[in-house]
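Given next are the chains, with one letter for each unit.
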Amino acid sequence: MSYSVCQDITSQIPPQRLMKALVSERHKVVPKLRPNIFKSMELLHGDGGTGSIRKAEFVDGFPMKYMMHRIDVLDMKNLYCKFTLYEGCVLGDKYEEIEHEIQLEPLGEGCKGKISTHYHPKPGVVVNKEEIDVVKGKAYTVIQDVEKYLLANPDVCAVA
């Protein structure tokens, strides 16, 4: 049985630009913001859209080595994305996979949206909700950092 958490967000960044930074260009944006966590993040397959595979390697000394994401759906017209963490230390011996969904919509000059995360535990594993809440908080700080970075760098992830 899966366990899901949802988080509502608002941003000063237009939805297409935020989606681009959080998903299709994530491998370029996030390592710049978190060099103390990520050694590298690269596309192994695809162009950052649907079907792309992304690998993130953590810095030496970090408790995890790497993680792999697959972008299952990236629909920029409908401002929807679904990507799956399917390999790596983050899953450990607890999870088969972790799915993330992002749905954005315009709100004034920026956007609002919902981020949903679906944890699929391995058989017999009981989900630790407190642990999930900590991860949820860390994920939200990444979104805030991306927003600050985009506000300070208007050409990054600009949408034509």
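Residues numbered from 1 in each chain as written. Predicted model: local features only at pLDDT ≥ 70, side-chain atom pairs only at ≥ 80, totals over all residues. Heavy atoms only, no water.

The chain appears in an unreviewed UniProt entry as Pathogenesis related class 10 protein from Hypericum perforatum. According to its UniProt record, the chain has this under Sequence similarities (unreviewed entry): "Belongs to the BetVI family." (UniProt positions renumbered as here; feature names shortened; annotations may be inferred.)

A.B. asks: I'd like a rundown of the nonpolar core, residues and numbers included.
C.D. replies: Of all hydrophobic cores here, the largest spans 38 residues; its most connected members are Leu 18, Ile 102 and Val 146. Here the element with the most residues in this core is helix H3 (residues 129-152); it accounts for 6 residues. The residues touching Ile 102, leaving out its near neighbours within four places in the chain, are Met 19, Leu 22, Val 23, Leu 79, Tyr 80, Cys 81, Phe 83, Lys 114 and Ile 115. (Core = buried A, V, L, I, M, F, W, Y, C linked by side-chain atoms within 4.5 Å. Buried < 20%, exposed > 50% of the residue type's maximum accessible area, 1.4 Å probe, protein only. Helix = DSSP H or I, 4+ residues; strand = E, 2+ residues; numbered from the N terminus. Contact = heavy atoms within 4.5 Å.)

A.B. asks: Please give an account of the pattern of salt bridges that cites residues and values.
C.D. replies: What the rule picks out here adds up to 9 salt bridges. Residues Glu 57 and Lys 55 are paired through a salt bridge, measuring 3.8 Å at the closest nitrogen-oxygen approach. Overall, Glu 57 belongs to the partly exposed group, its relative accessible area being 25%. Residue class for Lys 55 comes out partly exposed when judged on its relative accessible area of 23%. One salt bridge connects Arg 70 with Asp 72, and the closest N-O pair in it is separated by 2.6 Å. Its relative accessible area of 22% is what places Asp 72 among the partly exposed residues. (Salt bridge = Lys/Arg side-chain N within 4 Å of Asp/Glu carboxyl O.)

A.B. asks: Residue-level account of helix H1 (residues 15-24), with values.
C.D. replies: Counting buried positions over the 10 residues of H1 gives 8, a clear majority of the element. Among the residues of H1, Pro 15, Arg 17, Leu 18, Met 19, Ala 21, Leu 22, Val 23 and Ser 24 are the ones counted as buried.

A.B. asks: So what's going on with the packing of aromatic side chains? Which residues, and what values?
C.D. replies: Tallying each qualifying case throughout the model produces 3 aromatic pairs. Each ring, one from Phe 38 and one from Phe 58, has its centre 5.3 Å from the other, and the planes form 25°; the classification is stacked. One end of the pair, Phe 38, is in strand E2 (residues 38-45); the other, Phe 58, is in strand E3 (residues 53-58), with 20 residues separating them in the sequence. On the numbers, 5.4 Å between centres and 55° between planes, the contact of Tyr 95 with Tyr 119 is tilted. Placement of Tyr 95 in strand E6 (residues 95-107) and of Tyr 119 in strand E7 (residues 110-121) is noted, with a sequence separation of 24 residues between them. (Phe/Tyr/Trp six-rings, centres within 6.5 Å; stacked < 30°, edge-to-face > 60°.)

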